[in-house]
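# Topology and contacts: notes
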Amino acid sequence: MLIDSNIIIYAAKPEYGALRRFIAEKEPALSAISYVEVLGYHQLT
C-alpha cells in the first residue's frame, strides 16, 4: 500500500488513532517525495 503524505500528516494527529492502526496493519510504502513533504510539514512535532 502506497501512502500519500496527507494521510501520514492526518495520522500524526491524536484524534486519528484508528487511521494509525489501519496503516500499522498493512505494509505501507512511502515515496521519496511524500517522505520529504512530511518531514517538511511545519506543524508536526
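Residues numbered from 1 in each chain as written. Predicted model: local features only at pLDDT ≥ 70, side-chain atom pairs only at ≥ 80, totals over all residues. Heavy atoms only, no water.

The next subject is the packing of aromatic side chains. For any pair of aromatic rings, the description rests on two quantities: the centre-to-centre distance and the angle between the ring planes. Applying the stated rule across the entire model yields 1 aromatic pair. Plain terms: the ring middles of Tyr10 and Tyr16 are 5.7 Å apart, the flat faces sit at 65 degrees to each other, and that makes the pair edge-to-face. Using a relative accessible area of 41% as the deciding quantity, one classes Tyr10 as partly exposed. (Phe/Tyr/Trp six-rings, centres within 6.5 Å; stacked < 30°, edge-to-face > 60°. Buried < 20%, exposed > 50% of the residue type's maximum accessible area, 1.4 Å probe, protein only.)

Quick look at the environment of Glu25 now. As for its position among the elements, Glu25 is in helix 2 (residues 17-25). Measuring from C-alpha to C-alpha, the distance between Glu25 and Ile3 comes to 13 Å, with 22 residues separating the pair along the chain. (Helix = DSSP H or I, 4+ residues; strand = E, 2+ residues; numbered from the N terminus.)

Of note, Gly40 is situated in the segment after helix 3 (32-39). The spacing of Gly40 and Ala11 is 29 residues in sequence and 16 Å in space, taken between C-alpha atoms.

The next thing to look at is the side chain of Ser5. Relative to the helices and strands, Ser5 resides in helix 1 (residues 5-11). Ser5 gets classed as buried once you look at its relative accessible area, which sits at 5%. Side chain to side chain, Ser5 and Glu37 meet in a polar contact 2.6 Å long. (Polar contact = N/O pair within 3.5 Å; in protein donor to acceptor, adjacent residues only side chain to side chain.)

To continue, consider the side chain of Ser34. Mapped onto the elements of the fold, Ser34 is located in helix 3. Judged by its relative accessible area of 7%, Ser34 falls in the buried class. Apart from the residues within four sequence positions on either side, Ser34 is in contact with Ile3, Asp4 and Ser5. (Contact = heavy atoms within 4.5 Å.)

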